[in-house]
Amino acid sequence: DTSMTILDVRELVVRFGGILAVDSISFTAGAGRILGLIGPNGAGKTTLFNCLSRLCQPSSGDILFRGRSLSTVPRHRIAREGIGRTFQNVSLFDHLDVQDNVLVGGHVAGQAGFLAHTLRIRRVAREEAELRDRARELIAFMGLSGTEGRRVTDLPFPLRKRVELARALMSRPHLLLLDEPAAGLNHEEVDVLKDQIRAIRDRLGTAILLVEHHMNLVMSVSDKVVAMNFGRKIAEGLPSEIARDPEVVRTYLGAG
Ligand code: ATP
């Protein structure tokens with residue numbers, strides 16, 4: 001594997017009182033690659049995710065993103081650092097339409113509107129126009145053309161999930177964190193999601209960290225898979241290797 005490392009998690013530990021939610025995890029993720037993160041409920045996946053978006057403070061260890069420790073990056077700067085995310089429960093601005101929800105993702109990145117008070121009017125206008133162009137491209141990219149003016153609450157759930165993805169991509173993240181994107185989707189919708197996740201990697205060059213219980217999705221899109229249990233890494237490798245790893249099968253895949 002000659003790809004460049006974008007994310008380097010080093011002996012990360014997260015304690016909640018007496019609970020070791022993450023127990024000395026180390027792994028790397030390659031730039032422009034998809035890393036699947038699997039494990040049973042309570043394995044520590046969400047906690048790890050929250051550390052990556054700075055919603056959670058590690059007890060020890062470090063996370064290097066593009067060679068720099070995230071330990072000094074405040075939560076509100078994380079999008080500007082180049083890390084985007086979606087949530088297990090879709091979180092959009094319900095009173096806004098699709099286009100405005102996507103545009104919000106550009107402002108989070110500290111572009112146009114966010115700096116409006118310090119920039120000249122003409123420059124702001126140009127940046128706003130660029131953001132609108134990008135929003136339009138991403139709306140098309142996610143198969144949402146025609147929905148621009150619709151309130152997100154009027155869209156079916158699978159489309160709301162796509163709006164969330166388009167919004168996360170507005171800030172041109174180097175790394176996209178996807179928290180169970182297949183949850184609540186039917187078989188056909190998961191097939192569409194597979195293509196979209198691959199397209200984000202292949203056409204936008206974005207690295208993706210994918211937390212997912214939907215094994216068919218993880219195994220078919222991931223370049224590498226890390227399996228966790230009780231806060232620890234129990235296996236790491238190609239999807240084909242992980243699918244037949246004895247410990248993974250015993251603790252997770254072979255359940256029931
Ligand atoms: P799931 O697949 O159900 O989302 P997970 O792998 O994401 O599970 P986490 O949510 O990270 O697992 O939980 C790891 C452990 O840490 C669990 O034992 C959980 O109860 C505990 N935990 C998580 N967050 C907190 C918190 N804020 N306070 C106390 N304990 C917590």
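Small disclaimer: the values here were computed from a predicted structure and weren't measured.

1. Some words on the pattern of salt bridges
It is possible for side chains of opposite charge to pair when their charged atoms get near one another.
Working step 1: Per the stated rule, a full pass over the model turns up eleven salt bridges.
Working step 2: We note a salt bridge from Arg232 to Asp23, for which the minimum N-O separation is 3.0 Å. Residue Arg232 is found in strand 10 (residues 232-237), and its partner Asp23 is found in strand 2 (residues 19-30); the two are separated by 209 residues along the sequence.
Working step 3: With a shortest N-O distance of 3.5 Å, Arg198 and Asp195 are connected by a salt bridge. Residue Arg198 and its partner Asp195 are both found in helix 6 (residues 187-204); the two are separated by three residues, about one turn of the helix.
Working step 4: Judged by its relative accessible area of 25%, Arg198 falls in the partly exposed class.

2. Section: helix 1 (residues 45-52)
Working step 1: Buried residues dominate helix 1, accounting for seven of its eight residues.
Working step 2: Within helix 1 the residues assigned to the buried category are Lys45, Thr47, Leu48, Phe49, Asn50, Cys51 and Leu52.
Working step 3: Looking one or two residues past helix 1, Arg54 carries a phi angle of roughly 65 degrees, positive in sign.

3. Some remarks on the site of the ligand
Working step 1: Around the ligand, a shell composed of Phe16, Ile19, Ala21, Pro40, Asn41, Gly42, Ala43, Gly44, Lys45, Thr46, Thr47 and His213 is seen.
Working step 2: Gly44 places a main-chain nitrogen or oxygen 2.9 Å from an oxygen atom of the ligand.
Working step 3: One of the side-chain N or O atoms of Thr47 is found 2.6 Å from an oxygen atom in the ligand.
Working step 4: Against a free-state accessible area of 640 Å², the protein chains account for coverage of 61% of the ligand.
Working step 5: For the shell around the ligand, the elements supplying multiple residues, two or more each, are strand 2 and helix 1.
Working step 6: Looking at the shell around the ligand, the element that brings in the most residues is helix 1, giving three residues.
Working step 7: Grouping the amino acids of the shell around the ligand by side-chain chemistry returns five nonpolar, six polar and one charged.

Quick notes on the rules
- Residues numbered from 1 in each chain as written.
- Predicted model: local features only at pLDDT ≥ 70, side-chain atom pairs only at ≥ 80, totals over all residues.
- Heavy atoms only, no water.
- Salt bridge = Lys/Arg side-chain N within 4 Å of Asp/Glu carboxyl O.
- Helix = DSSP H or I, 4+ residues; strand = E, 2+ residues; numbered from the N terminus.
- Buried < 20%, exposed > 50% of the residue type's maximum accessible area, 1.4 Å probe, protein only.
- Near = heavy atom within 4 Å.
- Polar contact = N/O pair within 3.5 Å; in protein donor to acceptor, adjacent residues only side chain to side chain.
- Areas by Shrake-Rupley, 256 points an atom, 1.4 Å probe, with all protein chains shown as cover.
- Nonpolar A, V, L, I, M, F, W, Y, C, P; charged D, E, K, R; others polar.

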